[in-house]
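# Survey of secondary and tertiary structure
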Amino acid sequence: MDNDQQDTFRRLLHEQRVWDTALPAFDPAAAPPEPLPLFHQWFAEAVAAGQVEPHTMSLATVDEQGRPDVRTLMLHDADERGWHFASHATSAKGRQLAARPDAALGFYWAAQGRQVRIRGRVSVGSYAESQADLHARSTGALAAALTGRQSDVLSSQEDLATASRAAWERARAEPDVPVPTWTLYVLRPYEVEFFQGDEQRRHVRLRYRHEAKEEDEGGGWAKELLWP
């Protein structure tokens, strides 16, 4: 490795600063008894603060060898069922979730020094729900879904360009065309943590932990503070 390049990288890395702006206060004692209303509130505040792409999140799964995998994707909804996202069932994450449905989500909203971490069990929406999710999105999203073969090895950029052109043409001509592998996933949480950064590093961490078994519809939420 080039030593000059490595030195430049380290210098740039060490020069970076976080939270060069006033951070909001967070009183965990005033937090609601369940995590979903607080997530809705923090999301709205992230949008109001100008956070870029606040609906993007990291999704962590485990592959067949038990090795972790992570990628960034978009949140499609968050309601009483859980946190919604979608992908092809044939993609890497689709195959991993089919084999091991436990997963984790991570949101980072730098504009306010906030993180939300969610762990839970993932279930699959119905075919009708999955197609409705896809067709509620943009023409570009449909074209991307029609391009298909997500996570497969790509022989060349020319192959992708050819497939993409055909997919865009079909998406424009047939806006309701079904994509059978497109799947809506819902992560039902058993643990949700809200992290509020602090300039003095006295970060506030509030964790909601579901007291019932993961598969149980009953039970309630326990709240607890964590050391930063």
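Reference entry: report on the structure contained in this document.

About the cut-offs
- Residues numbered from 1 in each chain as written.
- Predicted model: local features only at pLDDT ≥ 70, side-chain atom pairs only at ≥ 80, totals over all residues.
- Heavy atoms only, no water.
- Helix = DSSP H or I, 4+ residues; strand = E, 2+ residues; numbered from the N terminus.
- Pairing = 2+ DSSP bridges.
- Buried < 20%, exposed > 50% of the residue type's maximum accessible area, 1.4 Å probe, protein only.
- Core = buried A, V, L, I, M, F, W, Y, C linked by side-chain atoms within 4.5 Å.
- Contact = heavy atoms within 4.5 Å.
- Axes fitted to C-alpha atoms, helices over the stretch in contact; angles between N-to-C directions.
- Parallel < 35°, antiparallel > 145°, perpendicular 65-115°, else oblique.
- Left-handed = near helix turned anticlockwise from the far one by under 90°.
- Nonpolar A, V, L, I, M, F, W, Y, C, P; charged D, E, K, R; others polar.
- Polar contact = N/O pair within 3.5 Å; in protein donor to acceptor, adjacent residues only side chain to side chain.

### Remarks on the environment of Pro24
You can see Pro24 is positioned in the loop between helix H1 (3-15) and helix H2 (35-48). Distance from Pro24 to Arg114, taken between C-alpha atoms, is 9.2 Å for residues 90 residues apart in sequence.

### Describing the pairing of strand E8 (residues 204-210)
Pairing analysis gives six bridges linking strand E7 (residues 182-196) to E8, with the strands arranged antiparallel. Following the sheet pairing, Val192 is matched in E8 by Tyr208. Pairing geometry for E8 and strand E9 (residues 221-226), over six bridges, is antiparallel. Each residue of the ladder has a partner; that of Arg209, found in E9, is Ala222.

### Some remarks on the pairing of E7
Across the 15 residues of E7, 14 count as buried, placing the element largely inside the fold. Bridging between strand E6 (residues 114-124) and E7 involves eleven bridges; their strand directions are antiparallel. Looking at the pairing, Val116 lines up with Phe194 of E7.

### Re the nonpolar core
Counting residues in each nonpolar core, the largest one holds 28 residues, and the members touching the most others are Phe39, Trp83, Phe85, Phe107 and Val116. When residues of this core are traced back to their parent elements, those giving at least two are H2, strand E1 (56-62), strand E4 (82-88), strand E5 (102-109), E6, E7 and E8. When residues of this core are assigned to their parent elements, the largest contribution, five residues, is made by H2. Apart from residues no more than four positions distant in its own chain, Phe85 is found in contact with Met57, Leu59, Leu73, Met74, His76, Leu97, Val122, Thr183, Leu184, Tyr185 and Leu187. The next biggest cluster of nonpolar side chains, apart from the first, holds ten residues, and it includes Leu134, Ala145, Val179 and Trp182.

### Observations regarding the environment of Arg172
The residue Arg172 is located in helix H6 (residues 157-173) in this model. Looking at Arg172, the relative accessible area reads 58%, which means it is exposed. Considered as a pair, Arg172 and Val18 are 154 residues apart in the sequence and their alpha carbons are 43 Å apart.

### Quick look at the packing of helix H5 (residues 139-147) against H6
One can describe the packing of H5 onto H6 by two numbers: an axis separation of 8 Å at closest approach and a directional angle of 130 degrees. Relative to H6, the element H5 is oriented oblique. When you trace H5 past H6, the crossing you get is right-handed. Between H5 and H6, the residues in contact are Thr139, Gly140, Leu142, Ala143, Leu146 and Thr147 and Leu160, Ala163, Ser164, Ala167, Trp168, Arg170, Ala171 and Arg172, respectively. Residues that form the contact of H5 with H6 fall into these classes: eight nonpolar, four polar and two charged.

### Here we look at the side chain of Asp63
Residue placement: Asp63 occurs in the loop between E1 and strand E2 (68-74). Owing to a relative accessible area of 11%, Asp63 belongs among the buried residues under this scheme. At 2.8 Å, the side chain of Asp63 and the backbone nitrogen of Arg67 are in polar contact. Excluding residues that lie within four positions of it along the chain, Asp63 makes contacts with Gln96 and Arg100.

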